[in-house]
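Commentary on secondary and tertiary structure
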Amino acid sequence: MRGSRTGTEVRAWRPAVAGITEVLHAHFTDHAYPVHTHDTWDLMLLDDGAVDFALDRRRHGAWDASRVVLLPPGVPHDGRTVDPTGFRKRVLYLDTDVLPERLAGHAVDVPVLGDPLLRRRVHRLHAALRDDTEVFEAQSRLAFVRERLLHHLGARTSVGGPAPARPATGREADRLAARLRELLDARLTTGLTLNEATALLHAHPTHLIRCFTRAYGLPPHTYLTGRRIDLARRLLLAGQRPAQVATAVGFYDQAHLNRHFTRHMGVPPARYGRGRRRG
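Values in this document were obtained by computation on a predicted structure and should not be read as measured data.

**Re the overall build of the protein chain**
A count of helices and strands for the protein chain gives 10 helices and 10 strands. Of all intrachain contacts in the protein chain linking residues separated by at least 6 positions in sequence, the fraction that spans at least 24 positions is 69%. Charged side chains of the protein chain number 42 positive and 29 negative; the gap between the two group centres comes to 9 Å.

What follows is the structure, encoded as structure tokens:
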């Protein structure tokens with residue numbers, strides 16, 4: 001939606017991903033936030049412009065789009081534009097199941113993080129959150145964002161979740177990857193969350209994803225999508241309609257199928273199905 005002030009644009013939504021209470025994309029030209037607090041963590045990418053803010057009565061600034069801003073829960077802060085062009089930002093509000101509130105002190109000391117890897121991970125998470133159909137991918141990308149944030153906050157990655165396994169190589173890693181592939185194949189049409197997979201396989205999320213990617217050359221969510229496309233092709237050639245196929249193979253709806261099918265095959269599913277032989 002567009003705000004009431006000229007040059008102000010705000011889009012906000014709550015994604016279907018546990019741990020993220022809100023996503024906010026905004027462009028402000030003359031807005032100033034009053035001093036306030038959140039009960040969540042505020043993880044911000046500054047895409048354009050500059051912003052000045054106070055956190056716990058100490059002023060900070062962000063002028064570099066390569067930086068990531070992390071504001072902790074329960075700590076007073078404000079924010080304001082610096083010049084007439086304003087600033088563009090993307091924000092994730094993370095609950096304390098993702099990052100424990102007891103780590104807030106570290107974020108108060110260093111709220112602006114110069115970490116290109118973290119920025120890339122947060123950017124990719126935002127891309128996965130554009131709609132509510134890529135939940136497995138978004139969960140996977142959130143796990144890697146969390147891992148990197150815990151590194152900056154000086155915490156073990158086991159905080160608030162399963163303990164990370166020692167790095168697995170060779171047969172051990174291959175066995176874990178194979179078990180996840182079997183689970184994905186078994187849940188092809190019904191779906192699977194990352195939390196379910198890690199609980200069933202007793203593995204740390206990022207460790208599990210890394211083992212799978214090393215073994216098969218692609219991350220689990222990409223593998224799952226490809227397998228669904230394979231099944232969709234067979235059903236389309238058997239004469240089923242795209243709307244039926246979409247739900248039958250585990251996609252959210254026909255639009256979700258269309259998007260992935262066209263990216264994989266170069267044509268939408270309806271055109272692909274017309275080419276089947278009759279008689």
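**Regarding the packing of helix H5 (residues 194-201) against helix H6 (residues 205-216)**
Close contact between H5 and H6 brings their axes to 10 Å; oriented N to C, the two are set at 90°. Taken together, the axes of H5 and H6 are roughly perpendicular relative to one another. From H5, Leu194, Ala197, Thr198 and Leu201 reach across to H6, where they touch Pro205, Leu208 and Ile209. Of the residues assigned to the contact of H5 with H6, the class counts are 6 nonpolar, 1 polar and no charged.

**Topic: the environment of Arg179**
Positionally, Arg179 belongs in helix H4 (residues 170-186). Look at Arg179 and you get partly exposed, because its relative accessible area is 40%. Considered as a pair, Arg179 and Ala197 are 18 residues apart in the sequence and their alpha carbons are 9.7 Å apart. Contacts of Arg179, omitting those with residues within four sequence positions, involve Leu200 and Leu201.

**Some remarks on the sheet that holds strand E6 (residues 58-62)**
Read across the open sheet, the 4 strands follow the order E3-E8-E5-E6; overall the sheet is antiparallel. Among the strands making up the open sheet, the edge pair consists of strand E3 (32-36) and E6. In this sheet, neighbouring strand axes are inclined to one another by 15° on average, regardless of whether the strands run parallel or antiparallel. Taken together, the 3 bridges between strand E5 (residues 51-55) and strand E8 (residues 77-81) define a ladder with antiparallel strand orientation. By the bridge assignment, Asp52 is partnered in E8 with Arg80.

**Here we look at the packing of aromatic side chains**
Two measures describe an aromatic ring pair: the distance that separates the ring centres and the angle between the ring planes. As enumerated under the stated definition, the model contains 5 aromatic pairs in all. With 5.5 Å between their ring centres and 65° between their planes, Phe212 and Tyr223 make a pair best called edge-to-face. With a gap of 11 residues between them, Phe212 in helix H6 and Tyr223 in helix H7 (residues 220-237) connect regions that are remote in the sequence. For Phe212, a relative accessible area of 0% gives the class buried. Among the residues examined, Tyr223 registers a relative accessible area of 14% and is labelled buried.

**Notes on the packing of H4 against H7**
At a minimum axis distance of 10 Å, the contact between H4 and H7 shows a crossing angle of 40°. With respect to their mutual orientation, H4 and H7 come out oblique. In the packing of H4 onto H7, the handedness of the crossing is right-handed. Along the contact surface, H4 presents Leu180, Arg181, Leu184 and Asp185, while H7 presents Pro220, Tyr223, Leu224 and Arg227. Classifying every residue of the contact of H4 with H7 by side-chain character gives 5 nonpolar, no polar and 3 charged.

**Digging into the confidence of the model for the protein chain**
Per-residue pLDDT for the protein chain has a mean of 88; in total, 91% of the residues score no lower than 70. E6 is the least confidently modelled element of the protein chain, averaging 85 in pLDDT, while helix H2 (residues 116-128) averages 97, the highest of any element. Here residues 1-5 is modelled with pLDDT under 50, and outside its nearest four sequence neighbours on either side it reaches 10 contacts, counting other chains as well. Contacts of residues 160-165 to residues separated by more than four positions or lying in other chains number 13 contacts, the stretch itself having pLDDT below 50.

Conventions adopted
Residues numbered from 1 in each chain as written. Predicted model: local features only at pLDDT ≥ 70, side-chain atom pairs only at ≥ 80, totals over all residues. Heavy atoms only, no water. Helix = DSSP H or I, 4+ residues; strand = E, 2+ residues; numbered from the N terminus. Contact = heavy atoms within 4.5 Å. Lys, Arg positive; Asp, Glu negative; His and termini not counted. Charge placed at Lys NZ, Arg CZ, Asp CG, Glu CD. Axes fitted to C-alpha atoms, helices over the stretch in contact; angles between N-to-C directions. Parallel < 35°, antiparallel > 145°, perpendicular 65-115°, else oblique. Nonpolar A, V, L, I, M, F, W, Y, C, P; charged D, E, K, R; others polar. Buried < 20%, exposed > 50% of the residue type's maximum accessible area, 1.4 Å probe, protein only. Pairing = 2+ DSSP bridges. Phe/Tyr/Trp six-rings, centres within 6.5 Å; stacked < 30°, edge-to-face > 60°. Left-handed = near helix turned anticlockwise from the far one by under 90°. pLDDT = per-residue confidence, 0-100.

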